[in-house]
Amino acid sequence: MNSLAIAPSILSADFSRLADDVRSVLAGGAEWVHVDVMDGHFVPNLTLGPVVLEGLAKAVPAFYDVHLMVTDPLEYGKRFAKAGANLVSFHLEAAMDPSSVIDGLRKENVQVGLVINPGRAPEELFPYLDRVDLVLVMSVWAGFGGQSFREDTPRRVESLAKEIARRNLSTRLQVDGGINAKTSRQVRDMGADTLVAGTSVFGASDRAAAIAALRA
Ligand code: DX5
Ligand code: ZN
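Summarised in this report is the structure supplied together with it. (Residues numbered from 1 in each chain as written. Chains lettered and ligands numbered in written order. Predicted model: local features only at pLDDT ≥ 70, side-chain atom pairs only at ≥ 80, totals over all residues. Heavy atoms only, no water.)

## Points about the site of ligand 1
Of all residues adjacent to ligand 1, which total 20 residues, the nearest are Asp-36, Gly-143, Asp-176, Gly-198 and Thr-199. For ligand 1, an oxygen atom lies 2.7 Å from a polar atom in the backbone of Gly-143. Only strand E2 (32–38), strand E3 (63–69) and strand E8 (194–197) provide two or more residues apiece to the shell around ligand 1. Here the element with the most residues in the shell around ligand 1 is E2; it accounts for three residues. Per-class residue counts for the shell around ligand 1 are eight nonpolar, ten polar and two charged. (Near = heavy atom within 4 Å. Polar contact = N/O pair within 3.5 Å; in protein donor to acceptor, adjacent residues only side chain to side chain. Helix = DSSP H or I, 4+ residues; strand = E, 2+ residues; numbered from the N terminus. Nonpolar A, V, L, I, M, F, W, Y, C, P; charged D, E, K, R; others polar.)

Structure follows, in structure tokens:
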């Protein structure tokens, strides 16, 4: 059983004071920092490139969990790895040959994650469970922060958690989108061990309390 990791998403941070905002969530008890990378092509939104992570990672040492929402995950994943990512996740939907992306990213000495949007069956991740460090079940459609948690998510998480346990793997099981104290509980009960939260952490007046609430 993996220990619980809370990964606040900087998509909801104040980008004019990004380093301070990241320090605040680390001081508040977050284990990871989630970095949403959108290319305006795979999803209709643009966020940030490797240069931003490079500056941030130098200023604020942390475990950087990069969620790639881009059409060319190997190319950009390599660049984010060099910029300081500790883990790079990419969408199954974005890769013609997921195995070659996994192998290519491994050469960069980063952990690797594989993501599915709500339109994909969790079983589609089964062939890769022993080849990645983490699988991410999106509980909203990738692209924007602040969306509502999809009610079919706990069932999807349960399916993956059971398979991971059945095969005695240590693969992490992450959920991203609409996570707050209530939905955190729903997915943890089903076996999720890594939780991304943007709005509910950065939007809170007391971020440490918001992070604690995700563990309660
Ligand atoms: C959505 C992103 C999420 C998002 C989460 O595409 O992958 O990480 O920022 O934000 P909240 O917690 O506000 O749903
Ligand atoms: Zn994300």
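## Comments concerning the packing of helix H2 (residues 50–59) against helix H3 (residues 73–83)
Angle between the axes and distance between the axes are the two parameters that describe a pair of packed helices. Two elements in contact, H2 and H3, have axes whose closest approach is 8 Å; the angle formed by their N-to-C orientations is 20°. Taken together, H2 and H3 sit at an angle that is classed as roughly parallel. Considering only the axes of H2 and H3, their crossing is right-handed. Contacts between H2 and H3 involve Pro-50, Leu-53, Glu-54 and Ala-57 from the first element and Arg-79, Phe-80 and Ala-83 from the second. Residues that form the contact of H2 with H3 fall into these classes: five nonpolar, no polar and two charged. (Axes fitted to C-alpha atoms, helices over the stretch in contact; angles between N-to-C directions. Parallel < 35°, antiparallel > 145°, perpendicular 65-115°, else oblique. Left-handed = near helix turned anticlockwise from the far one by under 90°. Contact = heavy atoms within 4.5 Å.)

## A short note on the packing of aromatic side chains
Counted according to the given criterion, the structure contains one aromatic pair. Measuring from ring centre to ring centre gives 4.4 Å for Trp-32 and Phe-63, while their planes differ by 25°; the resulting arrangement is stacked. Of this pair, Trp-32 sits in strand E2 while Phe-63 is found in strand E3, placing the two residues 31 residues apart along the sequence. Judged by relative accessible area, Trp-32 falls into the buried class, the value being 8%. (Phe/Tyr/Trp six-rings, centres within 6.5 Å; stacked < 30°, edge-to-face > 60°. Buried < 20%, exposed > 50% of the residue type's maximum accessible area, 1.4 Å probe, protein only.)

## Concerning the nonpolar core
Ile-10, Val-35 and Tyr-64 are the most contacted members of the largest nonpolar core, which totals 57 residues. Tallying contributions element by element places helix H5 (residues 153–166) first for this core, with four residues. Residues in contact with Tyr-64, not counting those within four places in the same chain, are Val-22, Val-33, Val-35, Leu-53, Leu-56, Ala-57, Gly-84, Ala-85, Asn-86 and Leu-87. Core analysis: the next-biggest nonpolar cluster, separate from the first, contains 15 residues, Val-43, Phe-63, Leu-87 and Met-138 among them. (Core = buried A, V, L, I, M, F, W, Y, C linked by side-chain atoms within 4.5 Å.)

## Describing unusual backbone geometry
What is expected of a backbone is that most residues other than glycine have negative phi and most peptide bonds are trans. One non-glycine residue with positive phi stands out, namely Asn-109, at about 60°. Within the secondary structure, Asn-109 sits in the loop between helix H4 (98–106) and strand E5 (111–116). With a phi angle near 60°, Asn-168 is a residue other than glycine that sits in the positive phi range. Given the relative accessible area of 71%, Asn-168 is considered exposed.

## With respect to the sheet that holds E8
Adjacent strands of a sheet pair through backbone hydrogen bonds, lying either parallel or antiparallel. In spatial order, the strands read E1-E8-E7-E6-E5-E4-E3-E2; together these eight strands make up an open sheet with parallel pairing. With partners counted over all chains shown, the strands left at the sheet margins are strand E1 (5–8) and E2, one partner each. Between one strand axis and the next, the sheet turns through 25° on average, direction left out of account. Pairing of strand E7 (residues 172–176) with E8, which is carried by three bridges, proceeds in the parallel orientation. Across the sheet, the residue bridging to Gln-174 is Thr-194, located in E8. Along the sheet, helix H8 (residues 207–215) makes contact with E1 and E8, crossing E1 at roughly 135°. (Pairing = 2+ DSSP bridges.)

## Things to note about H3
Regarding H3, the residues found buried are Pro-73, Gly-77, Phe-80, Ala-81 and Ala-83. Seen along its axis, H3 keeps its buried residues to an arc of 160°; they face one direction. Packed against the buried residues of H3 are E2, H2, E3, strand E4 (87–91) and H4. The first or second residue beyond H3 is Gly-84, which carries a positive phi of 125°. (Arc of directions from axis to C-beta.)

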